[in-house]
Amino acid sequence: MQSSQVTALIPIENARAGKPPYVAHVEKIEVDARNNVKVHCRWYYRPEESLGGRRQFHGAKELLFSDHFDTFKSYTRLENVGVEDYYCRFEYKAATGAFTPDRVAV
């Protein structure tokens, strides 16, 4: 099995009309001897998707790097997210709703 480390952020279409895309960090792509592909990714959450919701200090383009991982057996490559598209100051624990760091100077 071949494995490649990847550091790309990709938008993933949201099935709900009018909603912004989901954003994932592709961590690794594996291809086996039969050319079956597995894509391992780690999700970003928007502040409004977190248990605490969007707060006054969250920026419009801010994302929360989560501990939520998924593996896909297939995917369609979309455009990469650019450095101006989003930024991240927090890690988000999806199961508990905790942020790291738990506060930020504003």
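Note that this is a predicted model, so its numbers are computed, not measured. (Residues numbered from 1 in each chain as written. Predicted model: local features only at pLDDT ≥ 70, side-chain atom pairs only at ≥ 80, totals over all residues. Heavy atoms only, no water.)

Colleague: What should I look at first to understand the pattern of salt bridges in this one?
Modeller: Once their charged atoms are close, side chains differing in charge can pair, the charge on each being opposite to the other. Under the definition given, this model contains five salt bridges. Measuring nitrogen to oxygen at the nearest pair gives 2.8 Å for the salt bridge that ties Glu48 to Arg54. Look at Glu48 and you get partly exposed, because its relative accessible area is 43%. On the basis of relative accessibility, which here comes to 38%, the residue Arg54 falls in the partly exposed class. Measuring nitrogen to oxygen at the nearest pair gives 2.8 Å for the salt bridge that ties Glu62 to Arg89. In this pair, Glu62 sits in strand β4 (residues 62-72) while Arg89 sits in strand β5 (residues 87-93), placing the two residues 27 residues apart along the sequence. Take Glu62: its relative accessible area is 1%, and that puts it in the buried class. Residue Arg89 is classed as partly exposed on the basis of its relative accessible area, which comes to 31%. One network of salt bridges, with partners in common, ties together Arg42, Glu91 and Lys93. (Salt bridge = Lys/Arg side-chain N within 4 Å of Asp/Glu carboxyl O. Buried < 20%, exposed > 50% of the residue type's maximum accessible area, 1.4 Å probe, protein only. Helix = DSSP H or I, 4+ residues; strand = E, 2+ residues; numbered from the N terminus.)

Colleague: In this structure, what is going on with the nonpolar core? I would like to understand it.
Modeller: Among soluble globular proteins, nonpolar side chains are generally buried collectively. With 11 residues, the main nonpolar core is built from Ile10, Ala24, Val26, Val39, Cys41, Trp43, Tyr45, Leu64, Phe90, Tyr92 and Phe99. Contributions of two or more residues to this core are made by β2 (22-31), β3 (37-45) and β5. In terms of residues, this core owes the most to one element, β3, which gives four residues. (Core = buried A, V, L, I, M, F, W, Y, C linked by side-chain atoms within 4.5 Å.)

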